[in-house]
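Topology and contacts: notes
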Amino acid sequence: MKHISLLIKPASSLCNMNCKYCFYADVEHNRLNKNLKLMNYETINKLIDEALKYDNIHFAFQGGEPTLAGLSYFEYFVYTVNKKKTNQKVTYALQTNGILIDKKWIEFFKENHFLVGISLDGIKIVHNKIRVMNGKGTFDDVMRTIKLCQKEQINYNVLTVISSSLVKYAKDIYKFYKKNNIYNIQFIPCLPELENDSGKYALTPEMYFKFYKDIFEEWYKDIKYNEYISISLFEDLLMIFSGKLPRTCGALGQCTVQYIIESNGDVYPCDFYAIDRYCLGNLMSNTLSSMKNNENAQKFLHEKHPISKLCSNCEFVNICHGNCKRMTPVLFNDHYCGYRAFLNISYKKFYDIAKSINQKYPLK
Ligand code: SF4
Ligand code: SF4
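Quantities reported herein were computed from a predicted structural model and do not represent experimental measurements. (Residues numbered from 1 in each chain as written. Chains lettered and ligands numbered in written order. Predicted model: local features only at pLDDT ≥ 70, side-chain atom pairs only at ≥ 80, totals over all residues. Heavy atoms only, no water.)

1. Comments concerning the site of ligand 2
Close contacts around ligand 2 come from Leu310, Cys311, Cys314, Val317, Cys320, Phe332, Cys337, Tyr339 and Arg340, and that covers them all. Most atoms of ligand 2, that is more than half of them, are within 2 Å of grid points of the largest cavity. (Near = heavy atom within 4 Å. 1 Å grid on protein atoms, 1.4 Å probe; cavity = no way out; pocket = protein on both sides within 12 Å on 5 of 7 lines; lining within 4 Å. Sits in = over half its atoms within 2 Å of the grid points.)

2. With respect to empty space enclosed by the protein
One water molecule sets the probe size; rolling that probe over the atoms shows where empty space is left. Under the definition given, this model contains 1 cavity of 30 Å³ or more. Empty space within the largest cavity amounts to approximately 130 Å³. Taken together, 14 residues make up the lining of the largest cavity; nearest its centre are Cys311, Cys314, Cys320, Cys337 and Arg340. Those elements that place two or more of their residues in the lining of the largest cavity are helix H12 (317-320) and helix H14 (338-360). (Points joined across faces, edges and corners; volume = space filled by probe spheres on them. Helix = DSSP H or I, 4+ residues; strand = E, 2+ residues; numbered from the N terminus.)

3. Some details on the nonpolar core
Of all hydrophobic cores here, the largest spans 109 residues; its most connected members are Phe59, Phe77 and Trp219. A total of 8 residues in this core trace back to one element, the largest contributor, which is helix H8 (residues 205-224). Core analysis: the second largest hydrophobic core is formed by 13 residues, Ile260, Ile275, Tyr278 and Phe300 among them. (Core = buried A, V, L, I, M, F, W, Y, C linked by side-chain atoms within 4.5 Å. Buried < 20%, exposed > 50% of the residue type's maximum accessible area, 1.4 Å probe, protein only.)

4. Observations concerning the side chain of Asp271
Tracing the backbone shows Asp271 in the loop between strand E11 (266-268) and strand E12 (281-282). Taking relative accessible area as the criterion, Asp271 reaches 11% and is therefore assigned buried. If sequence neighbours within four positions are ignored, Asp271 has contacts with Lys9, Phe23, Tyr24, Val27, Gln62 and Ile260. (Contact = heavy atoms within 4.5 Å.)

5. Digging into the pattern of salt bridges
Throughout the structure, instances matching the rule amount to 17 salt bridges. Where Asp222 meets Lys178, a salt bridge forms, and the shortest distance between an N and an O atom there is 3.0 Å. Of this pair, Asp222 sits in helix H8 while Lys178 sits in helix H7 (residues 170-179), and the two are 44 residues apart along the sequence. Taking the shortest distance from any N to any O, the salt bridge between Lys213 and Asp214 comes out at 3.3 Å. (Salt bridge = Lys/Arg side-chain N within 4 Å of Asp/Glu carboxyl O.)

6. What about the site of ligand 1?
Around ligand 1, the neighbouring residues are Cys249, Gly250, Gln254, Cys255, Thr256, Cys270, Phe272, Tyr273, Phe300, Cys324 and Lys325. Class assignment of the residues belonging to the shell around ligand 1 gives a composition of 7 nonpolar, 3 polar and 1 charged. (Nonpolar A, V, L, I, M, F, W, Y, C, P; charged D, E, K, R; others polar.)

7. A short note on a positive patch on the surface
Side chains of Lys20, Lys129, Lys168 and Lys200 sit close together on the surface and give a patch of like positive charge. Relative to the helices and strands, Lys168 resides in the loop between strand E7 (156-162) and H7. (Patch = residues over 30% accessible without salt bridge, like charges linked within 9 Å, V, L, I, M, F, W, Y side chains within 5 Å. Areas by Shrake-Rupley, 256 points an atom, 1.4 Å probe, with all protein chains shown as cover. Lys, Arg positive; Asp, Glu negative; His and termini not counted. Charge placed at Lys NZ, Arg CZ, Asp CG, Glu CD.)

8. A look at helix H6 (residues 139-151)
For H6, which comprises 13 residues, the first-to-last C-alpha distance of 18 Å matches the rise-based estimate of 18 Å (1.5 Å per residue) to within 8%. For H6, the set of buried residues is Phe139, Val142, Met143, Thr145, Ile146, Leu148 and Cys149. Where H6 is buried, its residues touch helix H4 (103-111), strand E4 (114-119), helix H5 (124-130), strand E6 (136-137), E7 and H7. Within two residues after H6, Gln153 carries a phi angle of roughly 55°, on the positive side. (Expected span 1.5 Å × (residues − 1).)

9. Description of the pairing of strand E3 (residues 89-96)
Along any regular strand, the residues point their side chains to alternate faces of the sheet. Of all 8 residues in E3, 6 are buried; the element is thus mostly enclosed. Traced from strand E2 (residues 56-61) through helix H3 (residues 71-84) to E3, the parallel crossover comes out right-handed. In the sheet, E3 pairs with E4 via 5 bridges, with the strands oriented parallel. The residue bridging Tyr92 from the neighbouring strand is Phe114, located in E4. For the handedness criterion, the β-α-β arrangement of E3, H4 and E4 is classed as right-handed. (Right-handed = clockwise from strand over helix to strand, strands pointing away. Pairing = 2+ DSSP bridges.)

10. Notes on unusual backbone geometry
Of note, the bond from Gly63 into Gly64 is cis; its omega dihedral lies within 30 degrees of zero at 5°. One non-glycine residue, Asn323, lies in the positive phi region at around 60°. In this structure, Asn323 sits in the loop between H12 and helix H13 (328-331). Classification of Asn323 as buried rests on a relative accessible area of 10%.

11. Points about the packing of aromatic side chains
Here the structure, examined in full by the defined rule, presents 40 aromatic pairs. Between the aromatic rings of Trp219 and Tyr228, the centroid separation amounts to 6.2 Å while the plane-to-plane angle is 65°, which identifies the pairing as edge-to-face. Like Tyr228, Trp219 is buried. An aromatic cluster is defined as three or more aromatic residues linked by ring pairs; in this entry it consists of Phe187, Tyr208, Phe211, Tyr212, Phe216, Trp219, Tyr220, Tyr228, Phe234, Tyr339, Phe342 and Phe350. Here Lys2 stacks its cationic end above the ring of Tyr54, 4.9 Å away from the centre of that ring. Against the face of Tyr273 rests Lys325, its NZ or CZ located 5.6 Å from the ring centre. (Phe/Tyr/Trp six-rings, centres within 6.5 Å; stacked < 30°, edge-to-face > 60°. Lys NZ or Arg CZ within 6 Å of the ring centre and 35° of its normal.)

12. Considerations on the sheet that holds E4
Strand pairs in the sheet, formed through backbone hydrogen bonds, run parallel or antiparallel to each other. Across the sheet, 10 strands lie side by side as E9-E8-E7-E4-E3-E2-E1-E10-E11-E12; this open sheet has mixed pairing. Across the chains shown, the open sheet's two edge strands, defined by having one partner strand only, are strand E9 (230-231) and E12.

Put into C-alpha coordinates, the structure is as follows:
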(Lines give C-alpha, C1' and ligand atoms only; values in the text may rest on other atoms or scores of the structure.)
(Ligands and ions follow the chains in the order given, each with its own letter.)
Protein backbone atom coordinates (compact mmCIF):
# COMPACT_ATOMS: atom_id res chain seq x y z
CA MET A 1 0.00 0.00 0.00
CA LYS A 2 1.73 3.18 -1.16
CA HIS A 3 1.07 6.23 1.00
CA ILE A 4 1.76 9.88 0.28
CA SER A 5 1.10 13.06 2.21
CA LEU A 6 1.20 16.40 0.37
CA LEU A 7 1.28 19.86 1.92
CA ILE A 8 -0.26 22.22 -0.62
CA LYS A 9 -0.06 26.02 -0.72
CA PRO A 10 -3.00 27.05 -2.96
CA ALA A 11 -2.43 30.75 -2.22
CA SER A 12 1.33 30.53 -1.64
CA SER A 13 2.35 32.93 1.17
CA LEU A 14 -0.62 35.28 0.62
CA CYS A 15 -2.33 36.10 3.89
CA ASN A 16 -5.06 38.39 5.20
CA MET A 17 -3.28 38.76 8.54
CA ASN A 18 0.12 40.13 9.56
CA CYS A 19 1.25 37.89 12.40
CA LYS A 20 4.42 39.34 13.78
CA TYR A 21 6.40 36.09 13.75
CA CYS A 22 5.16 34.63 10.42
CA PHE A 23 7.68 31.95 9.47
CA TYR A 24 6.41 31.58 5.91
CA ALA A 25 6.92 35.30 5.27
CA ASP A 26 10.53 34.67 6.33
CA VAL A 27 10.74 31.68 3.97
CA GLU A 28 9.35 33.77 1.12
CA HIS A 29 11.82 36.53 1.92
CA ASN A 30 14.59 34.00 1.23
CA ARG A 31 13.24 33.11 -2.25
CA LEU A 32 13.93 34.89 -5.52
CA ASN A 33 10.44 34.23 -6.80
CA LYS A 34 8.15 36.06 -4.35
CA ASN A 35 4.39 36.64 -4.32
CA LEU A 36 3.42 33.57 -6.27
CA LYS A 37 -0.14 33.62 -7.62
CA LEU A 38 -3.06 31.35 -6.75
CA MET A 39 -2.70 27.76 -7.98
CA ASN A 40 -4.22 27.40 -11.47
CA TYR A 41 -6.38 24.57 -12.86
CA GLU A 42 -3.55 23.03 -14.85
CA THR A 43 -1.41 22.68 -11.72
CA ILE A 44 -4.33 21.32 -9.68
CA ASN A 45 -4.98 18.63 -12.28
CA LYS A 46 -1.32 17.67 -12.59
CA LEU A 47 -1.01 17.52 -8.81
CA ILE A 48 -4.05 15.27 -8.49
CA ASP A 49 -2.89 12.98 -11.32
CA GLU A 50 0.48 12.57 -9.59
CA ALA A 51 -1.09 11.98 -6.18
CA LEU A 52 -3.50 9.36 -7.50
CA LYS A 53 -0.55 7.15 -8.46
CA TYR A 54 -0.52 6.30 -4.72
CA ASP A 55 -3.11 4.17 -2.85
CA ASN A 56 -3.47 6.24 0.27
CA ILE A 57 -3.31 10.02 -0.10
CA HIS A 58 -3.44 12.80 2.45
CA PHE A 59 -3.96 16.30 1.02
CA ALA A 60 -3.16 19.01 3.58
CA PHE A 61 -3.69 22.66 2.65
CA GLN A 62 -1.72 25.43 4.27
CA GLY A 63 -0.27 28.85 3.53
CA GLY A 64 0.01 31.74 3.95
CA GLU A 65 -3.71 31.51 4.34
CA PRO A 66 -5.13 28.77 2.06
CA THR A 67 -8.74 29.99 2.25
CA LEU A 68 -7.68 33.04 0.20
CA ALA A 69 -7.77 30.70 -2.81
CA GLY A 70 -11.56 30.76 -2.31
CA LEU A 71 -14.07 28.03 -1.56
CA SER A 72 -14.41 27.39 -5.30
CA TYR A 73 -10.76 26.26 -5.42
CA PHE A 74 -11.44 23.58 -2.81
CA GLU A 75 -14.75 22.55 -4.35
CA TYR A 76 -13.02 22.08 -7.69
CA PHE A 77 -10.14 20.19 -6.05
CA VAL A 78 -12.38 17.71 -4.23
CA TYR A 79 -14.70 17.35 -7.25
CA THR A 80 -11.70 16.54 -9.47
CA VAL A 81 -10.29 14.03 -6.99
CA ASN A 82 -13.67 12.29 -6.77
CA LYS A 83 -14.01 12.24 -10.54
CA LYS A 84 -10.54 10.82 -11.16
CA LYS A 85 -10.00 8.45 -8.25
CA THR A 86 -10.69 4.72 -8.39
CA ASN A 87 -9.94 2.75 -5.20
CA GLN A 88 -7.58 5.18 -3.52
CA LYS A 89 -8.21 6.27 0.04
CA VAL A 90 -8.13 10.08 0.29
CA THR A 91 -8.14 12.30 3.38
CA TYR A 92 -8.03 16.09 3.71
CA ALA A 93 -6.80 18.64 6.23
CA LEU A 94 -6.59 22.43 6.18
CA GLN A 95 -4.72 24.83 8.43
CA THR A 96 -6.36 28.26 8.68
CA ASN A 97 -6.20 31.49 10.66
CA GLY A 98 -9.98 31.13 10.91
CA ILE A 99 -10.91 34.60 9.66
CA LEU A 100 -12.84 33.71 6.51
CA ILE A 101 -14.59 30.62 7.82
CA ASP A 102 -18.36 30.90 7.61
CA LYS A 103 -21.29 28.48 7.35
CA LYS A 104 -20.53 27.67 3.70
CA TRP A 105 -16.99 26.62 4.54
CA ILE A 106 -18.25 24.63 7.51
CA GLU A 107 -20.75 22.75 5.31
CA PHE A 108 -17.95 21.98 2.86
CA PHE A 109 -15.62 20.71 5.62
CA LYS A 110 -18.37 18.54 7.01
CA GLU A 111 -19.38 17.08 3.70
CA ASN A 112 -15.79 16.23 2.76
CA HIS A 113 -14.53 15.18 6.20
CA PHE A 114 -11.80 17.79 6.48
CA LEU A 115 -9.67 17.95 9.60
CA VAL A 116 -9.42 21.69 10.29
CA GLY A 117 -6.50 23.21 12.18
CA ILE A 118 -7.20 26.67 13.60
CA SER A 119 -4.42 28.99 14.70
CA LEU A 120 -5.01 30.53 18.11
CA ASP A 121 -2.30 31.86 20.40
CA GLY A 122 -3.84 30.97 23.72
CA ILE A 123 -5.53 33.80 25.53
CA LYS A 124 -6.70 37.18 24.24
CA ILE A 125 -3.88 39.26 25.72
CA VAL A 126 -1.23 37.24 23.84
CA HIS A 127 -3.13 36.47 20.65
CA ASN A 128 -4.18 40.06 20.01
CA LYS A 129 -0.65 41.33 20.46
CA ILE A 130 0.74 39.09 17.73
CA ARG A 131 -1.98 37.77 15.42
CA VAL A 132 -3.28 41.00 13.92
CA MET A 133 -5.21 42.12 10.85
CA ASN A 134 -5.15 45.78 9.80
CA GLY A 135 -3.52 46.58 13.13
CA LYS A 136 -6.31 44.94 15.18
CA GLY A 137 -6.24 41.73 17.21
CA THR A 138 -8.20 38.78 15.77
CA PHE A 139 -8.93 36.75 18.91
CA ASP A 140 -12.72 37.23 18.83
CA ASP A 141 -12.93 36.25 15.13
CA VAL A 142 -10.91 33.08 15.71
CA MET A 143 -12.93 32.08 18.76
CA ARG A 144 -16.11 32.56 16.71
CA THR A 145 -14.77 30.05 14.18
CA ILE A 146 -13.80 27.59 16.92
CA LYS A 147 -17.30 27.81 18.41
CA LEU A 148 -18.79 27.25 14.97
CA CYS A 149 -16.63 24.15 14.48
CA GLN A 150 -17.71 22.86 17.89
CA LYS A 151 -21.39 23.52 17.20
CA GLU A 152 -21.26 21.81 13.81
CA GLN A 153 -19.06 18.97 15.09
CA ILE A 154 -16.21 19.61 12.67
CA ASN A 155 -13.10 17.58 13.34
CA TYR A 156 -10.72 20.37 14.39
CA ASN A 157 -7.64 21.09 16.43
CA VAL A 158 -5.97 24.25 17.65
CA LEU A 159 -2.46 25.21 16.66
CA THR A 160 -0.65 27.51 19.06
CA VAL A 161 2.74 29.07 18.39
CA ILE A 162 4.85 29.13 21.54
CA SER A 163 6.39 32.57 21.23
CA SER A 164 8.48 34.35 23.83
CA SER A 165 5.38 36.46 24.68
CA LEU A 166 3.30 33.42 25.51
CA VAL A 167 5.60 31.40 27.79
CA LYS A 168 4.60 33.00 31.08
CA TYR A 169 0.92 32.31 30.39
CA ALA A 170 1.31 28.56 29.84
CA LYS A 171 -0.94 27.52 32.73
CA ASP A 172 -3.57 30.15 31.92
CA ILE A 173 -3.65 28.95 28.34
CA TYR A 174 -4.06 25.31 29.33
CA LYS A 175 -6.94 26.25 31.66
CA PHE A 176 -8.55 28.50 29.06
CA TYR A 177 -8.49 25.75 26.42
CA LYS A 178 -9.94 23.24 28.83
CA LYS A 179 -12.69 25.64 29.90
CA ASN A 180 -13.58 26.18 26.23
CA ASN A 181 -13.62 22.45 25.43
CA ILE A 182 -10.52 22.62 23.25
CA TYR A 183 -9.01 19.16 23.66
CA ASN A 184 -6.68 18.77 20.68
CA ILE A 185 -3.74 21.13 20.80
CA GLN A 186 -0.66 21.37 18.65
CA PHE A 187 2.01 23.56 20.17
CA ILE A 188 4.79 24.65 17.83
CA PRO A 189 7.80 26.66 18.96
CA CYS A 190 8.36 30.06 17.38
CA LEU A 191 11.61 29.82 15.45
CA PRO A 192 14.35 32.35 14.90
CA GLU A 193 14.70 33.59 11.32
CA LEU A 194 16.13 31.11 8.87
CA GLU A 195 19.37 32.81 7.98
CA ASN A 196 20.33 34.84 11.05
CA ASP A 197 19.14 33.08 14.22
CA SER A 198 17.32 36.17 15.48
CA GLY A 199 13.69 37.05 16.12
CA LYS A 200 11.92 39.00 18.83
CA TYR A 201 9.34 36.27 19.38
CA ALA A 202 11.63 33.24 18.99
CA LEU A 203 11.83 30.76 21.83
CA THR A 204 15.07 30.05 23.72
CA PRO A 205 15.87 26.60 25.19
CA GLU A 206 15.20 28.00 28.68
CA MET A 207 11.77 29.25 27.60
CA TYR A 208 11.06 25.91 25.91
CA PHE A 209 11.65 24.13 29.21
CA LYS A 210 9.61 26.60 31.27
CA PHE A 211 6.62 26.44 28.92
CA TYR A 212 6.45 22.66 28.71
CA LYS A 213 7.12 22.23 32.45
CA ASP A 214 4.10 24.41 33.27
CA ILE A 215 1.87 22.73 30.69
CA PHE A 216 2.97 19.29 31.86
CA GLU A 217 2.11 20.06 35.49
CA GLU A 218 -1.49 20.91 34.52
CA TRP A 219 -1.78 18.05 32.03
CA TYR A 220 -0.46 15.51 34.52
CA LYS A 221 -3.00 16.59 37.16
CA ASP A 222 -5.76 15.89 34.62
CA ILE A 223 -4.30 12.55 33.58
CA LYS A 224 -4.52 11.40 37.19
CA TYR A 225 -8.26 12.10 37.04
CA ASN A 226 -8.59 10.28 33.71
CA GLU A 227 -9.05 13.49 31.76
CA TYR A 228 -7.05 13.42 28.55
CA ILE A 229 -6.08 16.49 26.56
CA SER A 230 -4.13 15.76 23.41
CA ILE A 231 -0.91 17.80 23.24
CA SER A 232 1.32 17.13 20.26
CA LEU A 233 4.70 16.84 22.03
CA PHE A 234 3.25 14.67 24.81
CA GLU A 235 1.56 12.37 22.29
CA ASP A 236 4.86 12.00 20.44
CA LEU A 237 6.61 11.05 23.67
CA LEU A 238 3.89 8.59 24.57
CA MET A 239 4.20 7.05 21.11
CA ILE A 240 7.98 6.76 21.53
CA PHE A 241 7.62 5.23 25.01
CA SER A 242 5.03 2.78 23.62
CA GLY A 243 7.51 1.67 20.95
CA LYS A 244 5.54 3.36 18.16
CA LEU A 245 6.52 6.01 15.65
CA PRO A 246 5.82 9.61 16.72
CA ARG A 247 3.67 11.71 14.38
CA THR A 248 5.73 14.88 14.25
CA CYS A 249 8.40 14.98 11.61
CA GLY A 250 11.83 15.15 13.21
CA ALA A 251 10.78 13.86 16.63
CA LEU A 252 13.28 11.05 16.04
CA GLY A 253 15.92 13.34 14.56
CA GLN A 254 15.49 12.34 10.93
CA CYS A 255 14.33 14.43 8.02
CA THR A 256 12.00 12.92 5.45
CA VAL A 257 10.77 14.43 2.18
CA GLN A 258 7.48 16.17 3.08
CA TYR A 259 6.34 17.27 -0.43
CA ILE A 260 5.54 20.94 0.03
CA ILE A 261 3.69 21.98 -3.14
CA GLU A 262 3.83 25.70 -3.90
CA SER A 263 1.04 27.31 -5.92
CA ASN A 264 3.17 27.37 -9.10
CA GLY A 265 3.91 23.63 -8.79
CA ASP A 266 7.39 23.97 -7.26
CA VAL A 267 8.08 21.18 -4.79
CA TYR A 268 10.21 21.47 -1.63
CA PRO A 269 11.25 18.84 0.92
CA CYS A 270 10.13 20.70 4.06
CA ASP A 271 7.91 23.63 5.00
CA PHE A 272 10.80 25.16 6.95
CA TYR A 273 13.08 24.96 3.93
CA ALA A 274 10.82 25.96 1.03
CA ILE A 275 13.61 28.08 -0.43
CA ASP A 276 15.41 28.09 -3.77
CA ARG A 277 18.42 25.97 -2.91
CA TYR A 278 16.22 23.10 -1.69
CA CYS A 279 13.67 23.15 -4.52
CA LEU A 280 13.23 19.59 -5.83
CA GLY A 281 11.70 20.61 -9.17
CA ASN A 282 8.31 21.50 -10.58
CA LEU A 283 5.27 19.25 -10.87
CA MET A 284 4.70 20.22 -14.48
CA SER A 285 7.97 18.61 -15.56
CA ASN A 286 8.87 16.10 -12.81
CA THR A 287 7.09 13.22 -11.10
CA LEU A 288 6.79 13.19 -7.31
CA SER A 289 8.69 9.90 -7.08
CA SER A 290 11.62 11.20 -9.16
CA MET A 291 11.81 14.38 -7.04
CA LYS A 292 11.88 12.36 -3.83
CA ASN A 293 15.13 10.73 -4.89
CA ASN A 294 16.88 13.48 -6.81
CA GLU A 295 20.14 15.15 -5.94
CA ASN A 296 18.59 18.08 -4.04
CA ALA A 297 16.47 15.71 -1.96
CA GLN A 298 19.54 13.66 -1.05
CA LYS A 299 21.44 16.83 -0.21
CA PHE A 300 18.62 17.98 2.07
CA LEU A 301 18.24 14.60 3.77
CA HIS A 302 21.92 14.13 4.43
CA GLU A 303 23.16 17.58 5.30
CA LYS A 304 24.76 18.08 8.68
CA HIS A 305 22.42 18.06 11.65
CA PRO A 306 23.51 20.54 14.35
CA ILE A 307 23.97 18.93 17.75
CA SER A 308 24.82 20.21 21.20
CA LYS A 309 28.06 19.40 23.03
CA LEU A 310 25.73 18.00 25.68
CA CYS A 311 24.39 15.28 23.36
CA SER A 312 27.49 13.12 23.67
CA ASN A 313 26.70 12.16 27.25
CA CYS A 314 22.93 12.59 27.29
CA GLU A 315 20.83 9.72 28.59
CA PHE A 316 17.98 10.70 26.22
CA VAL A 317 19.96 10.52 23.02
CA ASN A 318 18.04 7.44 21.84
CA ILE A 319 14.73 9.18 22.37
CA CYS A 320 15.75 12.45 20.76
CA HIS A 321 18.52 11.82 18.21
CA GLY A 322 19.02 15.60 18.12
CA ASN A 323 15.34 16.18 17.12
CA CYS A 324 14.30 18.27 14.07
CA LYS A 325 17.27 20.15 12.63
CA ARG A 326 15.28 23.39 12.18
CA MET A 327 14.21 23.31 15.84
CA THR A 328 17.70 23.09 17.26
CA PRO A 329 18.16 26.78 18.26
CA VAL A 330 14.93 26.53 20.24
CA LEU A 331 15.87 23.24 21.90
CA PHE A 332 19.51 23.59 22.84
CA ASN A 333 22.83 25.35 22.74
CA ASP A 334 26.17 24.00 23.90
CA HIS A 335 25.48 24.80 27.55
CA TYR A 336 21.82 24.01 28.05
CA CYS A 337 19.22 21.74 26.48
CA GLY A 338 15.58 22.62 27.17
CA TYR A 339 14.40 19.29 25.78
CA ARG A 340 16.72 17.35 28.09
CA ALA A 341 15.65 19.47 31.06
CA PHE A 342 12.01 18.69 30.24
CA LEU A 343 12.62 14.97 29.75
CA ASN A 344 14.50 14.91 33.06
CA ILE A 345 11.42 15.99 34.99
CA SER A 346 8.87 14.06 32.94
CA TYR A 347 10.19 10.90 31.32
CA LYS A 348 9.40 8.51 34.18
CA LYS A 349 5.81 9.75 34.23
CA PHE A 350 5.49 9.45 30.45
CA TYR A 351 6.93 5.97 30.65
CA ASP A 352 4.34 4.94 33.28
CA ILE A 353 1.44 6.52 31.39
CA ALA A 354 2.56 4.88 28.14
CA LYS A 355 2.30 1.47 29.82
CA SER A 356 -1.43 1.89 30.39
CA ILE A 357 -2.47 4.51 27.87
CA ASN A 358 -3.25 2.29 24.91
CA GLN A 359 -6.23 0.90 26.72
CA LYS A 360 -7.40 4.12 28.34
CA TYR A 361 -6.83 6.93 25.87
CA PRO A 362 -7.41 7.47 22.18
CA LEU A 363 -3.88 7.15 20.84
CA LYS A 364 -4.25 6.01 17.25
S1 SF4 B 1 13.80 19.99 9.11
FE2 SF4 B 1 12.48 19.11 10.69
S3 SF4 B 1 10.38 19.25 9.88
FE4 SF4 B 1 11.82 19.54 8.15
S5 SF4 B 1 12.04 17.50 7.26
FE6 SF4 B 1 13.73 17.81 8.73
S7 SF4 B 1 12.95 16.91 10.67
FE8 SF4 B 1 11.17 17.25 9.31
S1 SF4 C 1 17.89 15.85 24.78
FE2 SF4 C 1 19.23 17.57 24.20
S3 SF4 C 1 21.28 17.00 24.94
FE4 SF4 C 1 20.01 15.15 24.90
S5 SF4 C 1 20.38 14.20 22.89
FE6 SF4 C 1 18.57 15.52 22.67
S7 SF4 C 1 19.36 17.48 21.98
FE8 SF4 C 1 21.11 16.34 22.80
